[in-house]
Amino acid sequence: CKRRGFIYQSAEIYGGLNGVYDTGHLGTLLKRNIRTAWEKSISKHGEILFMEGSLLAPSAVWEASGHVANFHDPMVDCLKCKHRYRADELDLAKPCPHCGNTAWTEVRQFNMMFKTQLGAAADNSSVAYLRPETAQAIFINFKNVYSTNRVKIPFGIAQMGKAFRNEITPKQFLFRMREFEQMELEWFCKPEQADSFFEYWSEKRHAFYANIGITPDKIRLRPHASDELAHYSKQCVDVEYEFPFGWKELEGIAHRASFDLQQHSTFSGKDLSVFDEETKTSYMPNVIESSVGVDRLFLTILFDSYREDVVEGEERVVLALHPSIAPIKAAFLPLSKKLNEPMHALYQASKNTLGIECIFDDNGSIGKRYRRQDEIGTPVCFTYDFESETDHCVTVRNRDTTKQERIALDQAVPYLQQLLHLS
Ligand code: ATP
């Protein structure tokens with residue numbers, strides 16, 4: 001990830017910051033494609049409005065949501081080496097995995113929210129928290145969004161944005177971070193429709209992953225057992241991926257009933273119920289939530305698409321990314337620097353006509369240039385050679401099969417258009 005400019009350790013030159021990462025150029029493009037795919041996919045299945053909430057929210061929001069009281073993980077320290085662990089991930093009867101000692105502190109509850117103070121006054125009224133999830137900004141704005149957009153229930157409010165959790169043990173690279181990004185959809189519906197919308201969204205969200213090219217056999221839905229359910233949810237199902245370290249949650253889908261709107265109505269004193277014109281009664285909408293981490297999905301996509309194979313006796317690394325997700329859609333490689341001009345013209349035309357990310361590369365042997373593109377997941381490479389001067393054709397090489405075909409120069413843009421399903 002670092003060598004190709006996908007992800008860097010944050011503040012690396014100062015020794016890094018645990019559980020926090022920076023995203024490089026290719027990583028930024030890949031994340032952008034992930035967000036676009038998600039946005040398009042949810043909008044296809046219902047009326048969705050978008051919003052961007054603030055990252056800071058006052059204490060009252062997190063008291064109402066239950067985060068101040070419940071957003072804890074159990075923590076334990078080794079008395080000898082002071083290593084800190086999540087108590088639920090460790091067998092305390094066994095020695096410390098770090099130093100082998102068997103004496104522990106008591107298990108304490110650790111609240112994972114980042115707490116801060118707004119302004120200079122240091123009293124309780126100035127306490128704020130960095131949001132540990134994007135969802136609450138949606139709930140507290142429900143009435144604003146509902147009344148300013150002329151929508152009817154059912155509809156969804158979706159949001160993409162940063163969330164912060166002071167994880168006790170950030171690990172597995174982008175899997176568990178302290179600063180990460182979520183894509184959340186809160187679907188508001190009538191209570192009697194909630195069970196069927198829970199099924200509906202579970203199915204749609206499951207299908208999303210195959211549509212962006214993830215191996216279907218490595219994605220499954222795992223319903224929560226009743227003793228596993230969070231205090232706010234009536235039903236919950238995880239979309240899990242088979243990571244190299246086991247089946248783990250990639251996305252959570254929850255039937256939250258009216259918990260959130262009810263809590264915020266009670267705590268704020270503002271009525272968040274809606275009026276049903278048909279029955280002439282007010283009711284509290286129910287919520288179906290879908291929540292997935294951009295970074296966790298990024299990691300999933302990398303694991304799922306990474307391959308090592310041998311082409312013409314040479315080992316290569318290839319990212320078999322779905323064209324819609326690939327950060328660079330096509331590379332343009334003149335066989336000789338003398339041929340730069342016509343190849344560069346095609347590169348510009350593709351970039352500008354189709355509005356896609358492309359690379360022009362005239363540096364090094366053609367084999368090396370292909371490998372570079374394979375490794376970052378570019379679906380196709382175009383080469384312009386001396387023959388192109390007379391036959392007005394280019395060679396197009398497919399990343400996965402490495403097969404090459406000759407097509408007319410003026411067919412290159414339509415070829416890409418078709419490959420990327422651009423109209
Ligand atoms: P986990 O059990 O893995 O901690 P969770 O149940 O706490 O996850 P949710 O609160 O349901 O997670 O968050 C929804 C989604 O946000 C997760 O499915 C995951 O994709 C992402 N996510 C949550 N915590 C992190 C984190 N620390 N780093 C990266 N992504 C995260």
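Heads up: the structure comes first, above all this text.
As the structure is a prediction and not an experimental result, all values here were calculated from the model.

**As for the overall build of the chain**
Looking only at helices and strands, the chain features 12 helices and 24 strands. Once the C-alpha set of the chain is aligned to its principal axes, its extents read approximately 75 × 65 × 45 Å. Counting contacts in the chain only where the partners sit at least 6 residues apart, residues at least 24 apart contribute 64% of the total. Distance between charge centroids for the chain: 3 Å, based on 50 positive and 57 negative side chains.

**Examining the sheet that holds strand β22 (residues 380-384)**
Overall, mixed pairing links the five strands, which are arranged β21-β20-β22-β23-β24 in an open sheet. Strands with a single pairing partner mark the edges of an open sheet, and in this sheet they are β21 (358-360) and β24 (404-408). The sheet shows a mean angle of 25° between the axes of neighbouring strands, taken without regard to direction. The sheet contact formed by strand β20 (residues 330-334) and β21 spans three bridges and is parallel. Within the sheet, the bridge partner assigned to F332 lies in β21 and is F360. The strands touched by helix α9 (residues 340-354) are β20, β21, β22 and β23 (393-398); relative to β21, the strand with the most contacts, the crossing angle is about 165°.

**Here's the deal with the site of the ligand**
Around the ligand lies a shell of 16 residues, among which E167, R176, M177, E249 and L250 are the nearest. With respect to the ligand, the side chain of R165 contributes an N or O atom lying 2.9 Å from an oxygen atom. Taking Q182, its side chain carries an N or O atom lying 3.2 Å from an oxygen atom of the ligand. Contact with the protein chains removes 80% of the 590 Å² of surface that the ligand exposes when unbound. Of all elements in the fold, only β11 (179-189), β14 (246-257) and β17 (286-293) reach the threshold of two or more residues within the shell around the ligand. Ranked by residue count, the leading element in the shell around the ligand is β14, at four residues. The residue makeup of the shell around the ligand, split by class, is six nonpolar, four polar and six charged.

**Brief notes about the environment of T401**
For T401, the location among the structural elements is in the loop between β23 and β24. A relative accessible area of 45% places T401 in the partly exposed class.

**Structural notes on the pairing of β11**
Judged by how many residues are buried, β11 sits mostly within the fold: 10 of 11 residues are covered. Sheet analysis places strand β10 (residues 155-164) next to β11, joined by 10 bridges and oriented antiparallel. Its bridge partner being in β11, Q159 is matched across the sheet by E184. The sheet contact formed by β11 and β17 spans eight bridges and is antiparallel. Following the sheet pairing, E184 is matched in β17 by S291.

**Details of the pattern of salt bridges**
On inspection of all chains with the given rule, the structure shows 33 salt bridges. Linking E357 and R32 is a salt bridge whose minimum nitrogen-to-oxygen distance equals 3.8 Å. Here the residue E357 occupies a position in the loop between α9 and β21, and R32 occupies one in helix α1 (residues 25-44), the gap between them amounting to 325 residues. Taking relative accessible area as the criterion, E357 reaches 29% and is therefore assigned partly exposed. Between D88 and R86 there is a salt bridge whose closest N-O contact spans 3.1 Å. Judged by relative accessible area, R86 falls into the buried class, the value being 12%. Connected through salt bridges with shared partners, the residues D73, R86, D88, E89 and K171 form a single ionic network.

What counts as what
- Every residue gets a number counted from 1 within its own chain, in the order that chain's sequence is written.
- Thresholds applied to this predicted model are a pLDDT of at least 70 for local features of residues and 80 or more for the giving and counting of side-chain atom pairs; totals over whole chains, interfaces and linings are not thresholded and use all residues.
- Where side-chain values are given, they derive from all heavy atoms of the structure, hydrogens and water being excluded.
- The secondary structure listing takes helices from DSSP runs of H or I that are at least 4 residues long and strands from runs of E that are at least 2 residues long, numbered from the N terminus.
- Residues count as neighbours in contact if any of their non-hydrogen atoms are within 4.5 Å of one another.
- Charge counting follows a simple rule: Lys and Arg are positive, Asp and Glu are negative, and His as well as the terminal groups are ignored.
- Charged groups are reduced to one reference atom each: NZ for lysine, CZ for arginine, CG for aspartic acid, CD for glutamic acid.
- For two strands to be treated as a pair, DSSP must find at least two bridges joining them.
- Here the axes come from fitting lines to C-alpha atoms, over the contacting stretch only for helices, and the angles between their N-to-C directions go from 0 to 180 degrees.
- The cutoff for a nearby residue is simple: one of its non-hydrogen atoms must lie within 4 Å of the molecule or strand.
- Whenever a nitrogen or oxygen atom comes within 3.5 Å of another N or O atom, the pair is scored as a polar contact, on the condition that within protein one atom can donate a hydrogen and the other can accept it, and that pairs from neighbouring residues in sequence are kept only if both atoms are in side chains.
- Computed with a 1.4 Å probe, the accessible areas rest on the Shrake-Rupley method; for each residue, only the protein chains presented here act as cover.
- Charged means Asp, Glu, Lys or Arg here, nonpolar means Ala, Val, Leu, Ile, Met, Phe, Trp, Tyr, Cys or Pro, and polar covers whatever is left, Gly included.
- Per-residue accessibility, obtained with a 1.4 Å probe over protein chains only, is compared with the maximum for each type, and a residue is labelled buried under 20%, exposed over 50%, and partly exposed between these values.
- Basic side-chain nitrogens of Lys or Arg form a salt bridge, by our definition, when they fall within 4 Å of a carboxyl oxygen of Asp or Glu.

Geometric descriptors of this kind do not, in isolation, establish any biological role.
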